Amino acid sequence: MGLSVGDVMQVNAQTVGPELSLLSLEEELFRWRTGGCPVIEDDKLVGVVSRSDIVRQLVVEHDL
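The structure reproduced in this document is the subject of the present report.

What counts as what
Residues numbered from 1 in each chain as written. Predicted model: local features only at pLDDT ≥ 70, side-chain atom pairs only at ≥ 80, totals over all residues. Heavy atoms only, no water. Helix = DSSP H or I, 4+ residues; strand = E, 2+ residues; numbered from the N terminus. Buried < 20%, exposed > 50% of the residue type's maximum accessible area, 1.4 Å probe, protein only. Contact = heavy atoms within 4.5 Å. Salt bridge = Lys/Arg side-chain N within 4 Å of Asp/Glu carboxyl O.

Here Thr34 shows up in the loop between α2 (22-32) and β1 (36-41). Take Thr34: its relative accessible area is 17%, and that puts it in the buried class. In contact with Thr34, other than residues within four places in its own chain, are Gln10, Leu29 and Arg51.

The following block contains the structure:
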């Protein structure tokens, strides 16, 4: 059968709020040595953000 998500997930993952700037997010992801994290607002999961999301947004802004 192979590995399941539960076998590889982080149990106590770092989280961020939606107001965090992309620059600050990149700094935190680097410091935490991770490629993404959950976004929490009012104790609820509102999304997940990753380094690839940051790169995608920078490319969009560069193309404008």
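This is not the end of the story, as more comes after the structure.
Looking now at the pattern of salt bridges. Per the stated rule, a full pass over the model turns up 3 salt bridges. Arg51 is paired through a salt bridge with Glu26; the nearest N and O atoms lie 3.0 Å apart. Highlighted residues: Arg51 in helix α3 (residues 51-63) and Glu26 in helix α2, separated in sequence by 25 residues. The shortest N-O distance in the salt bridge between Asp53 and Arg56 comes to 2.9 Å. With a gap of 3 residues between them, Asp53 and Arg56 both fall in helix α3, about one helical turn apart. The class of Asp53 is partly exposed, set by a relative accessible area of 26%.

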